[in-house]
Amino acid sequence: MTVEVILPCLNEEAALGWVLGRMPEGYRALVVDNGSTDRSAEVARDLGARVVHEPRRGFGAACHAGLLAASAEVVCFMDADASLDPRQLPRVAEPVIGGHADLVLGARRPCEAGAWPWHARLGNAVIARGLRRRTGAPLHDLGPMRAAGRSRLLALGLNDRRFGYPLEMVLRAAASGWRIAEVEVDYLRRAGRSKVTGTVRGTLRAASDMRRVMAEHMR
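Residues numbered from 1 in each chain as written. Predicted model: local features only at pLDDT ≥ 70, side-chain atom pairs only at ≥ 80, totals over all residues. Heavy atoms only, no water.

1. So, the overall build of the chain
Definition in use: In this description a helix means any DSSP run of H or I spanning at least four residues, a strand means any run of E spanning at least two, and both kinds are numbered starting from the N terminus. Each residue's exposure class comes from its accessible area (1.4 Å probe, protein chains only) as a fraction of the maximum for that residue type: buried when under 20%, exposed when over 50%, partly exposed otherwise. Residue contacts are defined here by distance: any two heavy atoms, one from each residue, within 4.5 Å place the two residues in contact. Accessible surface is estimated by sampling points in the Shrake-Rupley manner with a 1.4 Å probe; for residues, cover comes only from the protein chains shown.
Assigned secondary structure in the chain consists of eight helices and seven strands. Here the chain, with 219 residues, has 56% of them falling under the buried criterion. For the chain, long-range pairs separated by at least 24 residues make up 75% of all intrachain contacts whose partners lie at least 6 apart in sequence. Counting only carbon and sulfur atoms, one obtains 50% of the accessible surface of the chain, whose full area is about 9,900 Å².

2. What to know about the packing of aromatic side chains
Basically, it comes down to this: Working definition: rings of Phe, Tyr and Trp (its six-membered ring) pair if their centres are within 6.5 Å, and the pair is stacked with planes under 30 degrees apart, edge-to-face with planes over 60 apart, and tilted otherwise.
The final tally for this structure, using the stated rule, is one aromatic pair. For the ring pair F59 and F163, a centre distance of 6.5 Å and an interplane angle of 25 degrees mean the geometry is stacked. Taken together, the residues F59 in helix α3 (residues 59–69) and F163 in the loop between α6 (150–155) and α7 (165–175) connect sequence positions 104 residues apart. By relative accessible area, F59 is classed as partly exposed at 24%.

3. Focus: the environment of S71
By secondary structure assignment, the location of S71 is in the loop between α3 and β4 (74–77). Linking S71 and S151, residues 80 residues apart in sequence, is a C-alpha distance of 9.2 Å. Setting aside residues no more than four positions away along its own chain, S71 makes contact with E4, R28 and R150.

4. Some remarks on helix α1 (residues 13–21)
Filter applied, for reference: In this context, the arc is that of the directions from the helix axis out to the C-beta atoms.
Regarding α1, the residues found buried are A15, L16, V19 and L20. An end-on view of α1 places all buried positions within 120 degrees of arc, on one side of the element. Among the exposed residues of α1, those oriented more than 90 degrees off its buried face are A14 and G21. Residues of α1 that are buried sit in contact with β1 (3–9), β2 (27–33) and α2 (40–46).

5. Some details on unusual backbone geometry
In this model, N11 sits at a positive phi of 60 degrees, which is unusual for a non-glycine residue. Considering the arrangement of structural elements, one finds N11 in the loop between β1 and α1. One non-glycine residue, A82, lies in the positive phi region at around 70 degrees. Of note, A82 is situated in the loop between β4 and α4 (89–97).

6. Some details on the nonpolar core
Cut-off, in case you're wondering: Among buried residues, those of type Ala, Val, Leu, Ile, Met, Phe, Trp, Tyr and Cys that are joined through side-chain atoms within 4.5 Å constitute a nonpolar core.
Counting 34 residues, the largest nonpolar core has L103, L153, L167 and I180 as the members making the most contacts within it. Mapped by element, the contributors of at least two residues to this core are β2, α3, β4, β5 (103–110), α5 (118–135), α7 and α8 (200–216). In terms of residues, this core owes the most to one element, α7, which gives six residues. If sequence neighbours within four positions are ignored, L103 has contacts with V96, A147, A148, M169, V170, A173, W178, R179, I180 and A181.

7. Overview of the side chain of H64
Structurally, H64 is set in helix α3. Sequence-distant contacts of H64, defined by excluding residues within four places in its chain, comprise L154, L158, R161 and Y165.

8. Let's talk about the sheet that holds strand β3 (residues 50–53)
Think of a sheet as strands paired side by side through backbone hydrogen bonds, with each pair either parallel or antiparallel. Selection criterion: Note on pairing: DSSP must find at least two bridges between two strands before they are called paired. Axes, fitted as lines to C-alpha atoms, cover a helix only where it is in contact. Angles between the N-to-C directions of the axes lie from 0 to 180 degrees.
Read from one edge of the open sheet, seven strands run β3-β2-β1-β4-β6-β5-β7, paired in mixed fashion. Edge positions in the open sheet fall to β3 and β7 (180–187), since each of these has one partner strand only. Averaged over all pairs of adjacent strands, the angle between their axes in this sheet comes to 25 degrees, without regard to strand direction. Inspection of the sheet shows β5 paired to strand β6 (residues 146–149) by three bridges, in the antiparallel sense. By the bridge assignment for β6, L105 is matched with R146. Against the sheet, α3 makes contact with β1, β2, β3 and β4, and its axis sits at roughly 150 degrees relative to β1, the strand it touches most.

Set out below in structure tokens:
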């Protein structure tokens, strides 16, 4: 089975060589360029990845554009900034491929100093605690590396196009009775500065989007 790997991308030229060069056999990269001003799209294409363009800015917009463009039965999502090792994608995808889970998230375990700033880790812990309370799913991280069936994801009707997209995915999956699981993956220092965890402002913006999504699903 071929698994399609959706990589939302905004100015990740420096990281794409490492990321795409470590894609496992049977895993096909789909890079979603979200308005990059560097050579990200060109580099990805030169390295053999399929590239689609999503001009509307937003993490969720890029993820969903990739989901719509994908054709594989099982899809993975992961960041394109070299903070996650593509060679660990099978850990996340195999429970879905084997029919043991419907949605699997990679719980990040920092392997390098500075890989996960304190403000980002704190915000993530708060969201994860709310998720456990809300859904009963045994999650400790709203991890960006994840896997699920493409057609079932589309049927969830995900609406958020900002940083709330990953959270909405889990909430809607839980409400639909999906089997949600978590496996550990390494978390590395990313190439360049993160749009989210690289600044307190970015982390607060992402947390605000997620609080909004959580509140909407508690009505």
